[in-house]
Amino acid sequence: DVKVTQSSRYLVKRTGEKVFLECVQDMDHENMFWYRQDPGLGLRLIYFSYDVKMKEKGDIPEGYSVSREKKERFSLILESASTNQTSMYLCASSLSGGAGVDEQYFGPGTRLTVT
Amino acid sequence: AQSVTQLDSQVPVFEEAPVELRCNYSSSVSVYLFWYVQYPNQGLQLLLKYLSGSTLVESINGFEAEFNKSQTSFHLRKPSVHISDTAEYFCAVSFKAAGNKLTFGGGTRVLVKP
């Protein structure tokens with residue numbers, strides 16, 4: 001079974017702190033994604049990566065950055081956390097390139113609260 | 001911009017009754033279509049997908065969805081729901097021009113009542 005793990009299920013941070021969310025997949029997938037999930041808005045793509053050291057902006061990249069130094073690990077960074085970044089963050093991975101035909105496998109999510 | 005609309009945010013339904021979750025997307029260009037399900041306190045998992053071929057696709061647990069190109073819709077149905085179907089359901093579309101990116105709808109929360 002594909003496994004996508006996220007470093008924390010719950011996280012509470014203060015405004016202005018730098019926050020790191022870690023995601024690891026164990027199936028040698030090429031693509032990795034970070035989403036945020038908010039009620040009524042579904043999932044919105046923050047960043048994705050299709051290869052080591054490669055990244056592309058999603059629909060809402062402002063206030064976030066990412067790092068992919070190893071194939072299995074994709075990190076989301078909030079440079080200076082703000083209260084409007086309080087959300088559920090979901091990481092996902094998928095097998096390889098192509099035009100979006102591959103199933104995405106999701107981690108359990110990290111619920112981040114910024115106070 | 002491409003968009004995906006799920007018309008119902010919540011659907012209460014009695015056990016053994018049918019349910020339909022509606023999904024429409026904005027573009028008539030080539031697409032791949034997905035339904036994901038999120039059970040309470042879990043991550044999303046794929047329920048079914050349409051890539052090509054027959055416009056009616058089925059899941060292993062009795063759900064089905066039909067791709068309607070002219071109406072740009074991909075509605076999800078189940079003829080008889082169980083308590084265990086209580087979950088949030090997300091329609092997602094991969095617009096071929098956008099590569100590997102998925103655009104998600106806002107989700108429909110299904111609450112199955114005994």
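Above: the structure in question.
Residues numbered from 1 in each chain as written. Chains lettered and ligands numbered in written order. Predicted model: local features only at pLDDT ≥ 70, side-chain atom pairs only at ≥ 80, totals over all residues. Heavy atoms only, no water.

**So, the interface of chain A and chain B**
Then comes step 1: Contacts between the two partners involve 24 residues from chain A, matched on the other side by 22 residues from chain B.
Then comes step 2: Counting each side, the surface lost to burial between chain A and chain B is near 1800 Å², with a carbon and sulfur contribution of 53%.
Then comes step 3: In this assembly, chain A and chain B are joined by one salt bridge.
Then comes step 4: With a closest N to O distance of 3.7 Å, D59(A) and K101(B) form a salt bridge.
Then comes step 5: Those elements giving two or more residues to the side of chain A that touches chain B turn out to be β4 (31–38) and β5 (42–49) of chain A.
Then comes step 6: When grouped by side-chain class, the residues that make up the side of chain A that touches chain B number 11 nonpolar, 10 polar and three charged. (Contact = heavy atoms within 4.5 Å. Buried area = accessible area lost by both parts, 1.4 Å probe. Salt bridge = Lys/Arg side-chain N within 4 Å of Asp/Glu carboxyl O. Helix = DSSP H or I, 4+ residues; strand = E, 2+ residues; numbered from the N terminus. Nonpolar A, V, L, I, M, F, W, Y, C, P; charged D, E, K, R; others polar.)

**Examining the pattern of salt bridges**
Then comes step 1: Enumeration over the complete set of coordinates arrives at 12 salt bridges over all chains.
Then comes step 2: K71(A) serves as the salt-bridge partner of E30(A), at 3.1 Å between the closest nitrogen and oxygen. In this pair, E30(A) is assigned in the loop between β3 (19–25) and β4 and K71(A) in the loop between β7 (64–70) and β8 (73–78), connecting sequence segments 41 residues apart.
Then comes step 3: Taking the relative accessible area as the measure of exposure, E30(A) reaches 27% and is therefore partly exposed.
Then comes step 4: The shortest N-O distance in the salt bridge between R109(B) and E88(B) comes to 3.1 Å. With a gap of 21 residues between them, R109(B) in strand β12 (residues 108–113) and E88(B) in strand β10 (residues 87–95) connect regions that are remote in the sequence. (Buried < 20%, exposed > 50% of the residue type's maximum accessible area, 1.4 Å probe, protein only.)

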